[in-house]
Every structure is written in C-alpha cells, then in structure tokens.
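Spelled out, the chains give:
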Amino acid sequence: MAIQPVPQARPADPPSAVDGPWRDTSLTPEARVADLAARMTPEEKAAQLYGIWVGADAEGDGVAPHQNDMVDPVDFEAITTRGLGQLTRPFGTAPVDPGVGAVSLARAQARIVEAGRFGIPAIAHEECLAGFTAWGATAYPVPLAWGAAWDPELVAEVAHRIGEDMRSVGIHQGLAPVLDVVRDLRWGRVEETIGEDPYLVGTIATAYVKGLESAGVIATLKHFAGYSASAGARNLAPVRAGAREMADVILPPFEMAVREAGVRSVMHSYAEIDGVPVAADPALLTGLLRDTWGFTGTVVADYFGIGFLETLHKVATGRGDAARLALTAGVDVELPTVRSYGDALVEAVREGAVAEELVDRALHRVLLQKCELGLLDRDRPLPAVLADADPDQARGTVDLDPPRNRALARLLAERSCVLLANPEDALPLGGTGRMAVVGPRADDPFAMLGCYSFPSHVGVQHPGTPMGIAVPTVLEALREEFPGADIDYAQGCDVDGTDDEGIGAAAALAAGADVCVAVLGDRAGLFGRGTSGEGCDVEDLALPGLQGELLDALLATGTPVVLVLLTGRTYALGSRADRLAGCVQAFFPGEEGGPALAGVLSGRVNPSGRLPVGVPNGTGGQPWTYLQPPLGRTSGVSNLDPTPLYPFGHGLSYTSFAWEGEGDVPSELGTDEETDLAVTVRNTGDRDGAEVVQLYAHDPVAQTTRPEARLIGYARVPLAAGESRRVSFRFHPDLVSFTGAAGHRIVEPGDLELRFATSSDVADVKHTVRLRLTGRERTVDHRRRMVCVPSVDAPLART
C-alpha cells in the first residue's frame, strides 16, 4: 500500500549554539529539554531515538530473534557524531571482566560525549531478568521462582541489589521485569514469567520495579502486552485473546506496576493482537498506557520489533514506513540497534511521510529521562570504580558476586522450593545409608540457570570461557549436606537425547540404595537450543527426552524415589505421582539452588514455596490455568479432564498449621465500602516454618462468566513451632471488579464468597466469608483499589 506524504513546512534551522539554558540545573526539566530540542538538527533528533549494539554478531547463534537477519554493521565513530540515545548490552554481549567492562563503557561514553555537538552520553541498558546479565554477576533464581516464593519484600530486596550492581558499573536501564501472565505451559518463556495469576504477577513485579528503581536504575516492563497468549504456545505467534481476557488477565499486572510503582519504561511486545501488531497500535501504547493510565516514561522497542513491522508482520512498506507506524503508535526508542529510526526516518520526515511532531514527541520523552538521570548536566561523575580508567588495572577490581549477594540468592532459592508431595514422610532424608543420585540434572551447574542467566544466555557461545561464578550442583551439595551418607551417582540419560544406554545402569544403582534422589528437568536455552527458554516451546508436557522412561525404571526397582525437578515450567506427573516417595519442584533456582535444595531434602530448610503455576495431571489438555469459568473445568460432557494434579498455590511443609477465622464480619457491604477480613494461623508442629495465607474471591452469579476462584490477596507468615499470628486483609469491592457485559469494568452488587485457602482448589479452603454487596452497580477504572494489603501481627504466645 502506498503511503501518502503528509504536507509539512520545513522547520527553521535550529540555533547553532550547543550550550545554553538546557545546561542550567536550576530550570525545570521541561524547560531544559525544550531548549535543547530546539537546537537539534533532524539527524541529531533521530539519533536520540535509537541504540547501537557494538559487538553484536550477525553470524552464528543469536540471543535475539532474527538477529542474524536484522543486524546491520555500525560505524561507531561516524554514527556518534550525531549523538546517541542508547548503548545496547555493553556487558551482556560477550564475556568481559566487570572492571574492564566498566572502564570500556566509560571510554565509550567519553567518545560519545566528544563526538556529538551536545556532549550527551547514551543511556546504557542491560538485561536483568535473573540478575545482572554480565559475566561474573550473581545468578539469582528466575522469575517463576520469585512467584513460587510469594514474597514481594524479598524480591524487592533482590531487585535493589541487582540495581546497585548495575549502577556501580555505569548501567542506567534494566530490561525487566516480565509481567506476562502464563496462559499455556508449553510456551518456552514460562520460566521468565512470575505465574498464571495476574494478582500474583502484578504484586511481585511491582515489588521488583520498586527495588530496581530505588537503586537508580530504570525498570522496563515487558512484554506489553499479550505476548504470553500466543496461539499454540509458539513464540511470536498471533494472539487471539478476547477483550475480556486482555482486560481482566493480561493487562492488570502492567496497570498495577504503572500505577503503584511509577515505572519509567515499558517495552512493547512482539505480539499481534487480533491482527494488529502491538508496535503499531496507538490504542494500546498511547490511548491506554499514557492517556488512561498516566504513564509518562519511555516506550522502547523489543529487539528488532520495529523492523518486524516490515519483515514479519508485513504492515510496513519499508524502514521509513515502519518508523512512521511505530512513532505514531507511541514507540519512542528503537532497540537494540539503528535500522528504522536512523537515516530512513530522517528521509521520511523530509519527504513529508512522517510528521516531525512525532519525532519531537519521542525526543521530548527521551531527553526528559536523560535529564532525570543527570546526563544533561555538565558534571556527570563516573561510578567510583571508574576513577582509574586503565583496563589492565581495573581487571579483578569489581566483584558482582559478593557474599552478601550469594546469601540473598540462597534465601530466595530456599523460599521458592515447593514440596509437592511427601506421602510416606520420606522427607526429610536421613543422613546415613546408601543414596543413589540419578538424573541428567544432578551434576550439571547449568541445571540451576535460566535462559537469561549470563552463562546460559551468552557464555555457552564462548566455549572454554569459565562460568565466572561458582554454581554447586545438586550432587555436590548433597555430598556436602550428608557427609555421613554413601552417595553414588549415575546420569541415566541426557536431558533431551534418545540414547537409553545408561538407564539400566542407573536403575541398578538405585536398586542397591536405601533411597534414590532422581534429579530431572530442563536445560535452558534460546531458539530451540534448550528444552525451556525463549523460542523453546514444546508440543506437550511430558518430561523432556527419555527422562520419563528413566523415572519409570527407577520406580520399578522398589527403592523409595524422591523426585527433584529443576525446570522452567511444570510437567505432567499424574502417571507417576502415586509411586513417588516425595517430590520437590524448583524453578531454575540460581547459583545457590544446589545448597538450597540439599537443605530442603535434609530438613535444614523447611520448604515454604507455593506453586505459581499448576502441575498438570496429563501431558495434554493445554492451554489451561486455574482461572477457568464453569465450562472450562471438568464436566460430564467431555472425556477430557483438565484438572491439575497439584493446583496453583499448592505447597507442603514439614510442620503443620491450624487456621481459625473471625466471625465478626458484616453480612452486607456496600459496593464502595470496605471491611477487614482476618484469620489466625497457628504452627501446630514441632518445626519452625512459614504458611502462605491465600485469599480468593468466588462470585456465584455474575453478568459475565467468572472463574471459580481468583486470587485477590496473600501473605507469607513465618511461625516458630507453637506460635500463632493474626493475618488481616483490608478488603474493598474494587478487588472483585471485572469487565461486565457492556465492556467496561464494574463492581456488581450480589452475593460473594471470600475464601481463605492454602491453594486455589476449593478442597483447600480453610475459612469462608460470605458477603452480599449492596447498592448500585459501580463503574471503576484505573484509579480503583488494586492491592489487598495484608497485615501480619506480632506472634502470639506459644502453646
């Protein structure tokens, strides 16, 4: 389709002076930016709207989709004479000593300052999904493990620590967190998500944003929006989600992070929703995000996402046209490198095909962010570690994995381990006897790491390069944990291979042992180079490769088998669950995951993790999550039963808890009133532990179909043996709002059940509060109450 030029007068030449009021820190940022923008040529304006990716490889295995097709050579010295908006992944492109990398980044920024007329540094960004994606940096548990911990405060602390490390070496922006709600467990990027419930995703992600931003690093919400609802669970496949699924499941976590955390950047998703690519959708990126929610930061492109409008989506006729569509929609910055927002954009503006007002709008947002970061100021002190800008002397001077980081990584790993089953009280294990440790994940440090941890993401492309961090395996950790046990090991099979030659030997080892610990799971990778990770989607939820056959052989020996799963998603266990002596689920728990798991198996750590996604019974039946209306659940008119083996929110402990609900709750509540709901939880066992109190809403009758239950609040409650605590929630009916028949969000009068439970399954409800909402039907918007804030009282006297 031919693009009609937009008639436009050529603007007057900008003032030639490069210094001026924009350097004056006593002026408002708006005034400074307006003065600076007026001095820029079209080329200089465009240069602030793109990044460049120095060192990006156009050959071999990429770390971004279609990287080999989309990377154009960039002449750093020539292009920076115009200025530069962003520097892409100076630490996350190749292994580099952190001290050397910090000095190299400082030198690159100095060259950018010297080359451009205005002397403005670039914003340097990095991935930080499971820690700072840099060689030698702490590898924390992946986001699915954050969800399993149900601990926003701990996630905020981790994010703050990540941000401090990034800021210390000159990074300004982090491309995290992921707020995609899981819609199909077969999707490869499940490991990057926080879970299948929008409230859990929203609260944990908001905590991460607050933590990262508190360290002075810009957080970036991704992937806005719909990405996880791809058809067939295929990466970058079309999204056919309806308006209510978008409004009630996909969008609320982003809305919460914008409204509650004031996030400063959003990344558009690759998705096309009902035929409209998000990168070209002004209704989503401008109408909803900015005009309705009030977002004031920058929208950045997912890598090559603007170019994909031309090459994949086929809605643009060329690079300049792709720029027109993206700028019109509200995409301010092209990442990871210049393609559409460079010369093609300048030419399109001069020809009248792109309105210069669109460039100016994006420029204004970018420069305001640089002003906030101090990049427009004359004095821009370098991080302390860069005082000596000699790379040789800087080598080994920056420690991105200090003991305090490792301790924090260990704590999050411990709290995210989920005890799925312990039917024979085989766990905790004793410290003596013969133990067979079997499985392809038992003695591989990569078993702990997700696809965005540096060793898995970049390091695997540099054979022979050390991992840069110590990552104890499960086998090593068990030998450390149980010095009095006789521990033997057999791999049995590969993660996803077809060679069954080792299964017999592994079974023989198990047959001669007192207990067998089977360590199975995923290998994280990218674009088909793993069983989990970006572009590693699966056809069904059977354990990868021959691991199911290996497990069957171990179970057939009669030796008690404890299954340990190190995965990026959950797998179907229904055909084997009743033969297991115990089962522990961990989601790529990071560099300290081995010792954390060993602690859970020994009882040194009392497991308190809860499932952020359900564990399926059978290998098919996808897509399915617990947020199902009546027709989405099991029924007598279909032979397929999608009920999970272990539901969302499930998790066991080595101690026991008793719950007692309060009875003084009003039976009626106005649709705009609020009340307190509370339960008292007592640790009735002989071990210290933590219970996770979950609050669900059940709407018996509504004008549109509703899930059987949906999470509206939760609290992690640590309790010493014999202790009890009162846990209260301030409930407002806004929390049960939904998209009504007319297409807008409402609070509807009528009966309501509020369920205190240990999981989303109705069988796990411990206390029910029945309310009748009275008064008029209320229409609510983004200003509604979105968070049910818990309050956990001090412990009561032990019994």
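Residues numbered from 1 in each chain as written. Predicted model: local features only at pLDDT ≥ 70, side-chain atom pairs only at ≥ 80, totals over all residues. Heavy atoms only, no water.

Caption draft 1: Representation of the sheet that holds strand E25 (residues 765-774) within the structure. Taken together, five strands build an open sheet; the order of strands is E17-E25-E24-E19-E20 and the sheet is mixed. Both edges of this open sheet fall to strand E17 (668-670) and strand E20 (710-719), since each of them pairs with a single strand only. Recorded for the sheet is a direction-independent mean angle of 25 degrees between the axes of neighbouring strands. Across nine bridges, strand E19 (residues 689-698) lies against E20 in antiparallel orientation. In the strand pairing of E20, Gly 689 is matched with Leu 719. (Pairing = 2+ DSSP bridges. Helix = DSSP H or I, 4+ residues; strand = E, 2+ residues; numbered from the N terminus. Axes fitted to C-alpha atoms, helices over the stretch in contact; angles between N-to-C directions.)

Caption draft 2: Structural view of the pairing of strand E15 (residues 582-587). The buried fraction of E15 is high, at six of six residues. Alternating residues of E15 divide into Gly 582, Val 584 and Ala 586 and Cys 583, Gln 585 and Phe 587, and every residue in both groups is buried. With three bridges connecting them, strand E10 (residues 418-421) and E15 associate as antiparallel partners. Note that in E15 the partner of Ala 421 across the bridge is Cys 583. (Buried < 20%, exposed > 50% of the residue type's maximum accessible area, 1.4 Å probe, protein only.)

Caption draft 3: Seen up close, the packing of aromatic side chains. Taken as a whole and judged by the stated rule, the model has 16 aromatic pairs. Considering the side-chain rings of Trp 22 and Phe 118, the 5.9 Å spacing of their centres and the 70 degrees angle between planes classify their relative orientation as edge-to-face. Separated by 96 residues along the polypeptide, Trp 22 in the segment before helix H1 (29-38) and Phe 118 in the loop between helix H5 (98-115) and strand E3 (123-127) bring together distant segments of the chain. The burial state of Trp 22 is the same as that of Phe 118; both residues are buried. With a centroid separation of 5.5 Å and 45 degrees between ring planes, the pair formed by Tyr 270 and Phe 308 is classed as tilted. With Tyr 270 in the loop between strand E6 (265-268) and strand E7 (272-273) and Phe 308 in helix H12 (residues 305-311), the pair connects residues that are 38 residues apart, well separated along the chain. A residue is classified by how much of its surface remains accessible, and Tyr 270, at 4% relative accessible area, is buried. The exposure class of Phe 308 is buried, given its relative accessible area of 2%. The side chain of Lys 222 reaches across the aromatic face of Tyr 452, ending 5.4 Å from its centre. (Phe/Tyr/Trp six-rings, centres within 6.5 Å; stacked < 30°, edge-to-face > 60°. Lys NZ or Arg CZ within 6 Å of the ring centre and 35° of its normal.)

Caption draft 4: Main features of a negative patch on the surface. On the surface, Asp 494, Asp 499, Asp 500, Glu 501 and Glu 549 cluster together into a patch of negative charge. Its location among the elements puts Glu 501 in the loop between strand E12 (486-490) and helix H20 (503-511). (Patch = residues over 30% accessible without salt bridge, like charges linked within 9 Å, V, L, I, M, F, W, Y side chains within 5 Å. Areas by Shrake-Rupley, 256 points an atom, 1.4 Å probe, with all protein chains shown as cover. Salt bridge = Lys/Arg side-chain N within 4 Å of Asp/Glu carboxyl O. Lys, Arg positive; Asp, Glu negative; His and termini not counted. Charge placed at Lys NZ, Arg CZ, Asp CG, Glu CD.)

Caption draft 5: Region of interest: the sheet that holds strand E26 (residues 778-779). A sheet is described by the order of its strands in space; here three strands give the open sequence E22-E23-E26, paired in antiparallel fashion. Every other strand in the sheet has two partners, leaving strand E22 (738-739) and E26 as the edge strands with one partner each. Pairing of E22 with strand E23 (residues 745-747), which is carried by two bridges, proceeds in the antiparallel orientation. Residue Phe 738 lies in a different strand from E23, and its bridge partner there is Ile 746.

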